[in-house]
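Structural overview for review
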Amino acid sequence: MKLVSHAVRPEIWDRVPALFDRVLPEYNLHGDVMAGYWKRLFAEFGEYQLALIDGDDVLAVARSLPVAWDDVSGAGIDAAIVAGFSGAPSDVLCALGIEVAPRHRGRRHAGTMLTALRDLAAGTGFGRLVAPLRPTWKERYPLTPISRYASWTTDRGEPFDPWLRNHVAAGGVLGPSTTASSLITGTVREWESWTGMAFPDTGGYVFPHGLATLDVDRELDRGTYWEPCVWVTHPAGERR
């Protein structure tokens with residue numbers, strides 16, 4: 001196994017959509033802000049997009065870009081993307097996501113990619129890696145405010161959520177949470193297609209894999225969803 005960047009092996013990423021199909025819920029692929037920057041992320045920040053490969057197989061990927069922490073702390077992933085492309089000086093590396101191919105889960109590849117991002121931050125002159133996390137089990141508690149959810153702990157005093165817990169175990173420090181990390185809007189029909197649900201009336205809806213509720217306005221033919229996040233900070237290059 002070895003790590004390669006998009007800048008070095010761009011052809012590898014052509015296989016990612018098929019190999020990583022349904023790793024994220026469908027609605028998560030339609031973010032209002034990310035849609036406008038997706039291709040530019042690879043064209044302009046290719047060295048910060050990493051893949052773990054074994055021969056021709058892609059095991060896991062990690063996406064990131066440099067940002068100014070003051071521009072994104074307390075905000076979310078949308079703000080990080082805008083800040084990264086603003087041209088302003090950057091002082092941290094921001095992880096945009098770590099994904100493991102379904103047939104390679106359970107092999108600690110997510111931890112490998114987290115370590116790779118910390119090393120990348122250190123190697124490119126950044127003292128910290130920051131990440132707006134999408135908590136794994138938050139979809140089980142969509143009505144619970146993200147700040148309260150992030151404060152839940154196990155009997156051992158560790159974070160309740162397994163993804164938050166993994167980051168803390170790796171040396172990360174949990175920071176602020178926000179209810180407005182990523183905006184996703186669409187027509188009612190689009191949201192019905194993305195979720196497999198019907199939305200017959202105006203109002204708030206709990207939907208599959210949603211971390212919060214979806215606000216549907218039938219008159220405006222609009223569904224609006226704000227995905228929350230929890231920030232975590234890692235010292236660059238350090239690990240436990």
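Figured I'd write up the structure that's included with this text. This is a predicted model, so every value here is computed, not measured.

A word on the overall build of the protein. When helices and strands are counted, the protein shows eight helices and nine strands. Scaling as 2.2 N^0.38, a compact globule of 240 residues should have a C-alpha radius of gyration of about 18 Å, and the protein matches this with 18 Å. In terms of principal-axis extent, the alpha carbons of the protein reach across some 50 × 45 × 40 Å. Residue burial in the protein is summarised as follows: out of 240 residues, 48% are buried. The long-range fraction of contacts in the protein, counting pairs at least 24 apart against all pairs at least 6 apart in sequence, stands at 70%. When the accessible surface of the protein is summed, it comes to about 11,700 Å², and 50% of that surface belongs to carbon and sulfur atoms. When the 24 positive and 29 negative side-chain charges of the protein are each reduced to one mean point, those points stand 7 Å apart.

Okay, the pattern of salt bridges next. For the structure on display, the rule yields five salt bridges. In this structure, the salt-bridge partner of Arg63 is Glu99, at a minimum N-O distance of 2.9 Å. One end of the pair, Arg63, is in strand E3 (residues 57-67); the other, Glu99, is in strand E4 (residues 92-100), with 36 residues separating them in the sequence. Arg63 sits in the buried class, given a relative accessible area of 7%.

Taken together, the buried positions of helix H7 (residues 162-169) are occupied by Pro162, Trp163, Leu164 and His167. Turning to H7, the residues buried within the fold contact E4, helix H5 (109-123), strand E5 (128-133), helix H6 (146-151), strand E6 (173-186) and strand E9 (222-235). Capping of H7 at its N-terminal end is provided by Asp161; its side-chain oxygen lies 3.0 Å from the backbone amide nitrogen of Trp163.

Here the focus is the nonpolar core. Counting 61 residues, the largest nonpolar core has Ala51, Val58, Val67 and Leu117 as the members making the most contacts within it. Every residue in contact with Val67, bar those within four places of it in the chain, is listed here: Val72, Ala80, Ala83, Gly84, Ser90, Asp91, Val92 and Cys94.

Here strand E2 (residues 50-54) lies mainly inside the structure; four of its five residues are buried. The pairing of strand E1 (residues 2-5) with E2 spans four bridges and is antiparallel. By the bridge assignment for E2, Lys2 is matched with Ile53. Hairpin remark: E2 followed by E3, antiparallel, with two residues in the connecting loop; positive phi at Gly55, about 65°.

So, on to the packing of aromatic side chains. Under the defined criterion, the tally for this structure stands at 21 aromatic pairs. A ring pair is formed by Tyr141 and Trp152, whose centres lie 5.1 Å apart and whose planes are at 85°; its orientation type is edge-to-face. Of this pair, Tyr141 sits in the loop between E5 and H6 while Trp152 sits in the loop between H6 and H7, and the two are eleven residues apart along the sequence. Assessed through its relative accessible area of 27%, Trp152 is described here as partly exposed. Three or more aromatic residues link up through ring pairs in this structure, and these residues are Tyr27, Trp191, Trp194, Phe207 and Tyr225.

Rules behind the numbers
Residues numbered from 1 in each chain as written. Predicted model: local features only at pLDDT ≥ 70, side-chain atom pairs only at ≥ 80, totals over all residues. Heavy atoms only, no water. Helix = DSSP H or I, 4+ residues; strand = E, 2+ residues; numbered from the N terminus. Rg over C-alpha atoms; globule rule 2.2 N^0.38 Å. Buried < 20%, exposed > 50% of the residue type's maximum accessible area, 1.4 Å probe, protein only. Contact = heavy atoms within 4.5 Å. Areas by Shrake-Rupley, 256 points an atom, 1.4 Å probe, with all protein chains shown as cover. Lys, Arg positive; Asp, Glu negative; His and termini not counted. Charge placed at Lys NZ, Arg CZ, Asp CG, Glu CD. Salt bridge = Lys/Arg side-chain N within 4 Å of Asp/Glu carboxyl O. Polar contact = N/O pair within 3.5 Å; in protein donor to acceptor, adjacent residues only side chain to side chain. Core = buried A, V, L, I, M, F, W, Y, C linked by side-chain atoms within 4.5 Å. Pairing = 2+ DSSP bridges. Phe/Tyr/Trp six-rings, centres within 6.5 Å; stacked < 30°, edge-to-face > 60°.

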